[in-house]
Amino acid sequence: MEKELLRKIPSVDKVLKMLPDSSKETKDAVRKGLNNLRKAILENHLSEINDEIIREFIIKEIEKSKRFNLRKVINATGVIIHTNLGRAPISNEVAEHLKEIITGYSNLELNLETGKRGIRYQNVKELLKELTHAEDVCVVNNNAAAVLLVLSALAAGKEVIVSRGELIEIGGSFRIPDVMKQSGAILKEVGTTNKTHLKDYEEAICENTGLLLKVHTSNYRVLGFTESVDSKHLVKLGKKYGLPVYEDLGSGSLVDVRHYGLSYEPTVQDVIKSGVDIVSFSGDKLLGSAQAGIIIGKRELIEKIKRHPLNRALRIDKMTLAVLEATLRLYKNEEYQKIPVWRMISEPENSVRARAYKLYKLIKGKLPSTFSVSVNREEAEIGGGALPLETLPTFVVEISIKDKNEEEFHELLRKEEPPVIGRLKNGKLFLDMRTVKEEELDILSESILSAAKKIINE
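Worth saying up front: this structure is predicted, and the values here are computed from it rather than measured.

(A) Representation of the sheet that holds strand β16 (residues 428–432). Read across the sheet, five strands follow the order β2-β12-β13-β16-β15 without closing on themselves; strand pairing throughout is mixed. The strands lining the two open edges of the sheet, one partner per strand, are β2 (79–81) and β15 (423–425). Within the sheet, the average angular offset between the axes of one strand and its neighbour, ignoring direction, is 40°. Across two bridges, the pairing between β2 and strand β12 (residues 371–383) is parallel. Considered in β12, the bridge of Val79 is made with Glu381. Set on the sheet, helix α16 (residues 349–363) makes contact with β12 and β13 (391–401); between it and β13 the angle comes to about 15°. Packing against the sheet, helix α18 (residues 441–457) makes contact with β12, β13 and β16, and its axis sits at approximately 125° to β12.

What follows is the structure in C-alpha cells.
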C-alpha cells in the first residue's frame, strides 16, 4: 500500500511543466511540497493520494515561499510598544517621507548650501536641540550602542560610579555592567539595592573617577523602603568635583505622560533642565520613531563622543534619519495624534469599546456553535520597558472553544495571512482592540473565521 502511494508522487519536472512559473524559488517549493507528501505517506498520515491532495501539498509550499520572512502582523496583544513585534509603528505620513528618501538619492551627507560634504546628524540636530533644549546631538543605531559609545568616549580606563539599584538588565540580556566592561570603563557600584544616598556617591569619588552615571529604571520599579538620588543633586555633586553626569533615560519621552492620566515619568526636557551633562534614550519606544540611540547634552562632551572611532561603527543610516526627522517634525508641530504610540495611549475607552463590538458583530453569527465569544473590559500595557506599573483601560474580544485548546487556536491564527497575535489568559484567547486598527477589523475577522474552520475540521 505504502509503495503504491509513493509511486503516485509525480517528479518535480513534471509538476513544473504544468506551472506558469518555473523560477528557482518555485522549483524549491515544489520539491519541498513533494517531500512533505512523501513524509506524510511514510508516517501513515495518508491512506490515499490523488491530484487534489498533491496540488494541496504543492500550493501550500509555493504560497509559503512567496511570503517575506519579515512581514506585517496584526497586534492584538494590547501591548503598544511590543519588542517582539517591532516596537513603535510609524504613521503613514512618516512612511511616505521614508519611501521618498529610500527610492532615490538624498542629501544624506551633502550640504546643499555649500555643495561640500555635510554631517548626517545635521538632518535632525536642530530639531532635537529645539525640542529638548540640549546644546548638541549625536545619534547611533540603538540605546545600548549609545551607552557603549558614551562610556567608551568619556570614561575608558576610569571609574564610573552608579547606584547598585540601577544596574539594570533589559531584554536580550543587555546588562549595564557588561556594557561598562566592554567600554573599558571600571564599574564602581555604590549603595544598596533599595537605598542609595548622595553620600554614597561622594565617598566613592577618587582621582580615577571619570563619570557619575544615573540609569533610569524605566522597565521596573522598586517599591517600599527605597531611596535614590535625583538628577539635580547628582549634578551638584558632579560640579563640586568637576565630573560629568550621564543619565541613561531608557525609553525617553518628549511628552508629559500625566496629560494622559499616567504617573509622572521624567521627560527628556526635564532631565536636560536638571543640568545633566549627557542624556541618552531610545528612538523606537515612547518617542514613537525608528530604532535609534539618541545622545544629547553639553557641546564639548558631544564633540568628544562624535570623534570616538566607535561612532563610525554605530552610526545610523538614511532610513533611520528619514523616519526620525519626520517624527520629530510632528512633535515640533504638536501633532501627537499622528504618532501611533501616542494615538493608542490617548485613545478614549469608548472608542476602543466600539471597535471591540464591531469585531464581535463581524464574527459572532459565523463562528461554529462550539465557540464562545464575548466583549470584556481588560487592561492594556504600554510595553517596551516603559511605565512598567501603568496600564490602560481596554476592551478585548474573548474567545473560548468547547473541547478544544485555545492555545492551538492561537497557533492557527499566527499562521494566517497576515498573522494574528493575541494573548492567552486563564485558558481563553483575548484579542485586545487598543492595538488593533479600524482598517484591520475586516481581515482580522476573516482570519478568525478561517482559523475556526481549520480547528473544527482537525
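Next, the rest of the story.
(B) Quick peek at the pattern of salt bridges. Per the stated rule, a full pass over the model turns up 37 salt bridges. A salt bridge links Glu303 to Lys306, with the shortest nitrogen-to-oxygen separation between them at 4.0 Å. Linking Glu303 with Lys306, this pair stays in helix α12 (residues 299–307), spanning three residues, or about one helical turn. Here Glu303 falls in the partly exposed class, since its relative accessible area comes to 31%. The salt bridge partner of Arg423 is Glu378, with a shortest N-O separation of 3.6 Å. Here the residue Arg423 occupies a position in strand β15, and Glu378 occupies one in strand β12, the gap between them amounting to 45 residues. There is no split in this pair, since Arg423 and Glu378 are both buried. Here the salt bridges do not stand alone but share partners, grouping Glu109, Arg117, Arg120 and Arg315 into one network.

(C) How the structure looks around the sheet that holds strand β8 (residues 209–215). Strand order in the open sheet formed by seven strands is β3-β11-β10-β9-β8-β4-β7, and the pairing between neighbours is mixed. If you trace the sheet from one side to the other, it starts and ends with β3 (136–140) and β7 (186–190), each paired once. Direction aside, neighbouring strands of the sheet carry axes that sit 25° apart on average. As defined by bridge partners, strand β10 (residues 278–282) adjoins strand β11 (residues 293–297) across five bridges and the pair is classed as antiparallel.

(D) Focus on helix α14 (residues 318–332). Between its terminal C-alpha atoms α14 stretches 21 Å, which fits the 21 Å expected from 15 residues at 1.5 Å a residue. Among the 15 residues in α14, 11 count as buried, and that is most of the element. Among the structural elements, α5 (92–102), α6 (122–132), β3, β11 and α15 (340–346) are those in contact with the buried residues of α14. Just downstream of α14 lies Glu334, where phi reads positive at about 55°.

(E) Highlighting the side chain of Glu325. Looking at the element boundaries, Glu325 is found in helix α14. For Glu325, the contacting residues outside a window of four places in its chain are His97, Asn123, Val124 and Leu127.

(F) Inspection of unusual backbone geometry at higher detail. The omega torsion across Glu417 and Pro418 is 0°, close enough to zero to call that bond cis. The topology assignment puts Pro418 in the loop between α17 (406–414) and β14 (420–421). For Arg87, which is not glycine, the phi torsion reads 60° and is therefore positive. As for its position among the elements, Arg87 is in the loop between β2 and α5. For Arg87, a relative accessible area of 23% gives the class partly exposed. Residue Asn426 is not a glycine yet carries a positive backbone phi of 55°. Examined against the element boundaries, Asn426 turns out to sit in the loop between β15 and β16.

(G) Representation of the nonpolar core. Counting residues in each nonpolar core, the largest one holds 91 residues, and the members touching the most others are Val139, Ile295 and Ile305. Per-element tally for this core: the top contributor is helix α7 (residues 143–155), with 10 residues. Setting aside residues up to four positions removed in sequence, Ile295 forms contacts with Asp136, Val137, Cys138, Val140, Ala146, Leu149, Val150, Ile278, Val279, Ser280, Ile302 and Ile305.

(H) How the structure looks around the packing of α17 against α18. For the pair α17 and α18, the least separation of the axes is 9 Å and the interaxial angle reads 125°. In terms of their interaxial angle, α17 and α18 are classed as oblique. Regarding α17 and α18, the two cross each other, and that crossing is right-handed. Residues Glu408, Phe409, Leu412 and Leu413 of α17 touch α18, and the partners they reach there are Ser447, Ile448, Ala451, Ala452, Lys454 and Ile455. Split into classes, the residues belonging to the contact of α17 with α18 amount to seven nonpolar, one polar and two charged.

(I) Structural view of the environment of Ser447. Residue placement: Ser447 occurs in helix α18. With a relative accessible area of 2%, Ser447 lands in the buried category. Separated by 221 residues in sequence, Ser447 and Thr226 place their C-alpha atoms 48 Å apart.

About the cut-offs
Residues numbered from 1 in each chain as written. Predicted model: local features only at pLDDT ≥ 70, side-chain atom pairs only at ≥ 80, totals over all residues. Heavy atoms only, no water. Pairing = 2+ DSSP bridges. Helix = DSSP H or I, 4+ residues; strand = E, 2+ residues; numbered from the N terminus. Axes fitted to C-alpha atoms, helices over the stretch in contact; angles between N-to-C directions. Contact = heavy atoms within 4.5 Å. Salt bridge = Lys/Arg side-chain N within 4 Å of Asp/Glu carboxyl O. Buried < 20%, exposed > 50% of the residue type's maximum accessible area, 1.4 Å probe, protein only. Expected span 1.5 Å × (residues − 1). Core = buried A, V, L, I, M, F, W, Y, C linked by side-chain atoms within 4.5 Å. Parallel < 35°, antiparallel > 145°, perpendicular 65-115°, else oblique. Left-handed = near helix turned anticlockwise from the far one by under 90°. Nonpolar A, V, L, I, M, F, W, Y, C, P; charged D, E, K, R; others polar.

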